[in-house]
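So the chains spell out like this:
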Amino acid sequence: MNPFQAPTGTRDVLDPESARFSLLIERFSKRVQQAGYGLVISPMFEDPGVFNRSIGEDSEVVTKEMYEFEDKSGRRLALRPEGTASVVRAFVQHRPQIPWKAWYATPAFRYERPQAGRYRQHHQVGVEALGSDDPDLDVETIALLDGYLRDVGLRSLDLRINSMGDANCRPGYESVLAGFLETNADALCKEHQESWRKNPLRVLDCKRSECVDLRVMAPRFRDSLCDACTTHFDRVLLGLDALGIVYERDDFLVRGFDYYTRTTFEVASSVLDSAQNAVGGGGRYDGLTELLGGPATPGIGFASGIERVLLAGEAEGLFDGQESLIVVFVVDLTGGEQARDLTHLMREAGIASDRAFDDRSLKAQLRQADRSGATIALIVGADEVERDVITIKVLRGARAHHQEQTPREALIGRVKELLS
Ligand code: AMP
């Protein structure tokens, strides 16, 4: 056994999975940049207060899952368990012009019980939009998440949406809910029988069967929303209808972080195991900037887990037969100089190409050419060098097995023709 392995709950992502990984980030950035979102890069660690204050001192993420440590000067720091808090901290620190629309791609660290689709380091892409409480901005962000997941090719998706009210009507709902829980405390899961008073809303987010069963009978947010929140939410739903985005209202969708107000949403993949089927989620957080010491500024955002999307994509068969990036493989039987020069020539012409090293046999080089996924092999032996030609062999596709010799000066044009 090797002395060192990746730490429990983490994994190395190698090609070809890593190629899909970067493809997702590329799709995401394209989708959100064309909607005016700019990249934000912020530190992976923060003062723990950034997360305590925003996510909530008594949330699972903060109490059980956050990686906290002391650096060499005795300063306490925490690795980010999610993206929003740091981005909002950056907003408060730099006060960019509003509306400020930002996107990120980042690892997130949570000390969770590792299992398929649940890791201690996972990766998220996400957006945050600060400076407007216009319900159309809620629609915009939800449409971005929906569009990105469709760009990736996922089909088996369920979008659930709820309004959690605001500082005006949330307390009223919480006390109605508390009354309900008081009467039904015996039916709660063991943990919540003891802790529900600290934050009744957490019961709605509990995945244990006792709480899930009881929830069906719990009072609903929608019956406690104030007029302003109802109007806001109606406009969000109207917007989703107008854009043809299918959703289901879920009166008990609260999500695990304290900072959410009004609109919350989550997209689940129906091809994943229900314990970790969320492929993205987010919501509005109109009080968050103040919690982090900034001026009152409404905001909304979401994050989507890259590993989850990849798992869902695999389950939906999206990556079967995905093509390799390499299109040309140079087989050199003269010692390697030809391969050195021809791969360079191809790459300069924008044609992805690779080669073997160490002067390997023809058979070994052809095997490697096949494994590379290349469409075309360029073969150069002493005979070709003498006549200043290249042998082109098409390895796959409609013209598979076609072979010809081409003068060196016509090579790029001919390769492009054969690939078109
Ligand atoms: P959250 O911040 O909990 O809403 O997470 C955002 C997204 O990240 C979720 O919808 C999942 O897709 C993904 N995610 C959250 N926690 C994990 C984890 N431990 N491992 C893998 N993906 C995760």
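Since this is a predicted model, take the numbers as computed values, not measurements. (Residues numbered from 1 in each chain as written. Predicted model: local features only at pLDDT ≥ 70, side-chain atom pairs only at ≥ 80, totals over all residues. Heavy atoms only, no water.)

1. Points about the overall build of the chain
Consideration 1: What the chain contains, in helices and strands, is 16 helices and 16 strands.
Consideration 2: Each principal axis of the C-alpha atoms in the chain carries an extent, and together these give about 90 × 55 × 45 Å.
Consideration 3: The 420 residues of the chain split such that 49% are buried. (Helix = DSSP H or I, 4+ residues; strand = E, 2+ residues; numbered from the N terminus. Buried < 20%, exposed > 50% of the residue type's maximum accessible area, 1.4 Å probe, protein only.)

2. Side note on the sheet that holds strand 1 (residues 38-39)
Consideration 1: One open sheet accounts for 8 strands, arranged 1-5-6-11-10-9-7-8; its pairing is mixed. This sheet does not close on itself; its edge strands, each paired only once, are strand 1 and strand 8 (248-249).
Consideration 2: By the bridge criterion, 7 bridges tie strand 6 (residues 121-130) to strand 11 (residues 299-305) in an arrangement that is antiparallel. Note on strand 11: the bridge partner recorded for Glu 128 is Gly 301.
Consideration 3: Packing of helix 1 (residues 17-33) onto the sheet brings it into contact with strand 5 (100-109), strand 6 and strand 11, and relative to strand 5 it is tilted by some 160°. (Pairing = 2+ DSSP bridges. Contact = heavy atoms within 4.5 Å. Axes fitted to C-alpha atoms, helices over the stretch in contact; angles between N-to-C directions.)

3. A few points about the packing of helix 5 (residues 135-152) against helix 10 (residues 227-242)
Consideration 1: As a packed pair, helix 5 and helix 10 sit with axes 8 Å apart at the nearest point and diverge in direction by 40°. On the basis of the axis angle, helix 5 is oblique to helix 10. Crossing handedness for the pair helix 5 and helix 10: right-handed. Between helix 5 and helix 10, the contacting residues are Pro 135, Asp 136, Asp 138, Val 139 and Ile 142 on the first element and His 232, Arg 235, Val 236, Gly 239 and Leu 240 on the second.
Consideration 2: Taken together, the residues of the contact of helix 5 with helix 10 sort by class into 5 nonpolar, 2 polar and 3 charged. (Parallel < 35°, antiparallel > 145°, perpendicular 65-115°, else oblique. Left-handed = near helix turned anticlockwise from the far one by under 90°. Nonpolar A, V, L, I, M, F, W, Y, C, P; charged D, E, K, R; others polar.)

4. Things to note about the sheet that holds strand 2 (residues 45-46)
Consideration 1: If you walk across this open sheet you meet the 3 strands as 2-4-3, and the pairing is antiparallel. This sheet does not close on itself; its edge strands, each paired only once, are strand 2 and strand 3 (68-70).
Consideration 2: The pairing of strand 3 with strand 4 (residues 76-79) spans 3 bridges and is antiparallel. The partner of Glu 70 across the bridge, within strand 4, is Arg 76.
Consideration 3: On the sheet, helix 2 (residues 48-55) packs against strand 2, strand 3 and strand 4 and is oriented at approximately 60° with respect to strand 4.

5. Notes on the nonpolar core
Consideration 1: Among the nonpolar cores identified, the biggest contains 43 residues, and Leu 177, Leu 181, Leu 201 and Leu 204 are the most heavily contacted of them.
Consideration 2: Contributing elements (two or more residues each) for this core: helix 2, helix 3 (60-65), helix 4 (84-94), strand 5, helix 6 (170-184), helix 8 (201-204) and helix 9 (209-215).
Consideration 3: The element contributing the most residues to this core is helix 4, with 5 residues.
Consideration 4: Excluding residues within four positions of it along the chain, Leu 181 makes contact with Leu 188, Trp 196, Pro 200, Val 203 and Leu 214.
Consideration 5: Formed by 37 residues, the second largest nonpolar core is a distinct cluster that contains Leu 137, Leu 144, Leu 154 and Phe 302. (Core = buried A, V, L, I, M, F, W, Y, C linked by side-chain atoms within 4.5 Å.)

6. Concerning the environment of Pro 7
Consideration 1: Following the sequence through the fold, Pro 7 ends up in the segment before helix 1.
Consideration 2: Judged by relative accessible area, which is 55%, Pro 7 ranks as exposed.
Consideration 3: Separated by 114 residues in sequence, Pro 7 and Gln 121 have C-alpha atoms that sit 9.6 Å apart.

7. Looking at the domain arrangement of the chain
By a frequent convention, interface size equals the accessible area lost on bringing the separate parts together.
Consideration 1: Taken domain by domain, the chain comprises domain 1 (17-169 + 225-315) and domain 2 (328-419).
Consideration 2: Each of domain 1 and domain 2 has a C-alpha centre, and these two points are 47 Å apart. (Domains from an automatic or database assignment.)

8. Things to note about the site of the ligand
Consideration 1: Within the structure, the ligand sits among 15 residues, and Arg 110, Glu 112, Tyr 119, Arg 255 and Ala 278 are positioned closest to it.
Consideration 2: Within the backbone of Gly 117, an N or O atom sits 3.5 Å from a nitrogen atom of the ligand.
Consideration 3: At 3.3 Å from an oxygen atom of the ligand is found a main-chain nitrogen or oxygen belonging to Gly 280.
Consideration 4: Summarising the interface, the protein chains cover 93% of the accessible area of the ligand, which totals 480 Å² for the free molecule. (Near = heavy atom within 4 Å. Polar contact = N/O pair within 3.5 Å; in protein donor to acceptor, adjacent residues only side chain to side chain. Areas by Shrake-Rupley, 256 points an atom, 1.4 Å probe, with all protein chains shown as cover.)

9. With respect to the packing of aromatic side chains
Consideration 1: Applying the stated criterion across every chain yields a total of 10 aromatic pairs.
Consideration 2: Between Phe 28 and Phe 302 the ring centres are 6.1 Å apart and the planes differ by 85°, which places this aromatic pair in the edge-to-face class. Here Phe 28 is found in helix 1, whereas its partner Phe 302 is found in strand 11, with 274 residues between them in sequence.
Consideration 3: Of the residues examined, Phe 28 reaches a relative accessible area of 0% and is grouped as buried. (Phe/Tyr/Trp six-rings, centres within 6.5 Å; stacked < 30°, edge-to-face > 60°.)

10. A short note on the pairing of strand 14 (residues 376-380)
Consideration 1: Burial analysis of strand 14 places 5 of its 5 residues in the buried class, the great majority of the element.
Consideration 2: The alternating pattern of strand 14 places Ile 376, Leu 378 and Val 380 on one face and Ala 377 and Ile 379 on the opposite face, and all of these are buried.
Consideration 3: Relative to strand 14, strand 12 (residues 328-332) runs parallel, the two being bridged by 5 bridges. Within strand 14, the position partnered with Val 330 by the bridge is Leu 378.
Consideration 4: In the sheet, strand 14 pairs with strand 15 (residues 389-394) via 4 bridges, with the strands oriented antiparallel. Each residue of the ladder has a partner; that of Ile 379, found in strand 15, is Thr 391.

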